[in-house]
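# Understanding the architecture of this molecule
Residues per chain are reported as follows:
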Amino acid sequence: MEMKVASILILASALLIQGCEKASGPSVTRQKELAGILKSLLKPEAYFFWDDEIKTSAGWCEPTNRQALKLFITKYPETEESYQASVWLAFASAYTERCPIPSEEKRRTMELTEELKMISQKTSQHGIERMAKLERAFRLYGDEPGDHTEFYKQANDILSHIGEFESEKDGAFQRYLKVVEMRPSDIEPTLRFLVVNEKGCDHQLDKALDLAKELKQRFPNWEPQSVNGAIEMMELYKRGWTPSNSIRVLSKN
């Protein structure tokens, strides 16, 4: 009887292991395929100094690399790998596929940020979720007058969970921060600085100035020149200074 039970347990274990191998097989294949695409896509911009200066563009500037991501997403829809690929595509296309017609560019940005929002809700991997949320915040940011409601919502959502973002160890998330040249400790002050700029664009000068001073106090060593410049600019605007006023003064001189 004991031998029969042992045999059943061994058989069950073997079937379980076999099932796990079959289940993980496609995922491993997708991961390897995506890794190959990202190796080319995330090639950094490089400079060479020999007889002449030679500059090579970053990998995401190459249309073939972005097309490879698009084909991968179509080939493996609704998978964790396709979600990660979609975030990288959003990053790559933000700087390379801008539309010269403002209304079309606005529509493209809205579609892009909506897709990133859906990815952050669908993925089961915290690293991809946080990649999508950060990229969405950057894409929603716009240093010009307009409706910035969605940007504020996304920024506040990230800032309310900032500890989770700063401590995230997921490989994909860490790689994303490296590509956008941001340390984990830079996430909070960067977002707060963008909020300051948006408040200024929305003509909420008192709020923008208060937030800028708070940023300077909390993060005194983070981009002091930029923060001090923002504070000085807000104070000038509050005193009635405008670019047009400065032009008139210069023309009189």
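First, a word on scope: everything that follows refers to the structure included in this document. (Residues numbered from 1 in each chain as written. Predicted model: local features only at pLDDT ≥ 70, side-chain atom pairs only at ≥ 80, totals over all residues. Heavy atoms only, no water.)

### Regarding the overall build of the protein chain
What counts, and what does not: By definition, any uninterrupted DSSP run of H or I lasting at least four residues is a helix, any uninterrupted run of E lasting at least two residues is a strand, and each is numbered from the N terminus. With a 1.4 Å probe rolled over the protein chains alone, any residue whose accessible area is under 20% of its type maximum counts as buried; one over 50% counts as exposed, and the rest are partly exposed. By the convention used here, residues are in contact when the closest approach between their heavy atoms is within 4.5 Å.
Within the protein chain, the regular secondary structure consists of 12 helices and 2 strands. Starting at the N terminus and walking to the C terminus, you meet the elements of the protein chain as α-β-β-α-α-α-α-α-α-α-α-α-α-α. Looking at the protein chain as a whole, 37% of its 253 residues qualify as buried. Sequence-distant contacts, at least 24 apart, represent 61% of the contacts inside the protein chain between residues at least 6 apart.

### Details of the environment of Val28
Structurally, the position occupied by Val28 is in helix α1 (residues 2-41). With 53 residues separating them in the primary sequence, Val28 and Glu81 have C-alpha atoms 9.9 Å apart.

### Let's talk about the nonpolar core
Note the cut-off: To qualify as a nonpolar core, a set must consist of buried Ala, Val, Leu, Ile, Met, Phe, Trp, Tyr and Cys residues joined through side-chain atoms within 4.5 Å.
Ranked by size, the top nonpolar core spans 57 residues in total, and within it Leu41, Leu69, Trp88, Leu134, Ile187 and Leu191 carry the most contacts. Of the residues forming this core, the biggest block, 8 residues, is contributed by helix α3 (residues 80-96). Aside from chain neighbours lying at most four places away, what touches Ile187 is Leu134, Ile158, Ile162, Phe165, Phe173, Leu177 and Met182.

### Some words on the packing of aromatic side chains
For any pair of aromatic rings, geometry is given as the distance between the ring centres together with the angle between the planes. The condition that has to hold: Planes of paired rings set the category: under 30 degrees apart is stacked, over 60 is edge-to-face and the rest tilted, where pairs are Phe, Tyr or Trp rings (Trp by its six-membered ring) whose centres lie within 6.5 Å. We count a charge as sitting over a ring when the NZ of a lysine or the CZ of an arginine lies within 6 Å of the ring centre and within 35 degrees of the ring normal.
On inspection of all chains with the given rule, the structure shows 8 aromatic pairs. When the centroid spacing of 6.3 Å and the interplanar angle of 65° are considered together, the rings of Phe165 and Phe173 count as edge-to-face. Judged by its relative accessible area of 2%, Phe165 falls in the buried class. Classification of Phe173 as buried rests on a relative accessible area of 0%. Three or more aromatic residues link up through ring pairs in this structure, and these residues are Trp60, Trp88, Phe91 and Tyr176. Positioned above the aromatic ring of Phe165 is the side chain of Arg130, whose terminal nitrogen or guanidinium carbon lies 5.8 Å from the ring centre.

### A short note on the pattern of salt bridges
Cut-off, in case you're wondering: Here a salt bridge means any side-chain nitrogen of Lys or Arg lying within 4 Å of a carboxyl oxygen belonging to Asp or Glu.
Considering all chains together, one arrives at 21 salt bridges under this definition. With a shortest N-O distance of 3.0 Å, Glu104 and Arg107 are connected by a salt bridge. Placement of both Glu104 and Arg107 in helix α4 (residues 102-122) is noted, with a separation of 3 residues, approximately one turn of the helix. Note that Arg183 is salt-bridged to Asp186, the shortest N-O span being 3.1 Å.

### Quick word on unusual backbone geometry
The residue Glu181 is not glycine, and still its phi comes out positive at about 55°. When you line up the elements, Glu181 lands in the loop between α8 (171-179) and α9 (187-201). By relative accessible area, Glu181 is classed as exposed at 73%. Positive phi, close to 60°, is recorded for His203, a residue that is not glycine. In this structure, His203 sits in the loop between α9 and α10 (205-218).

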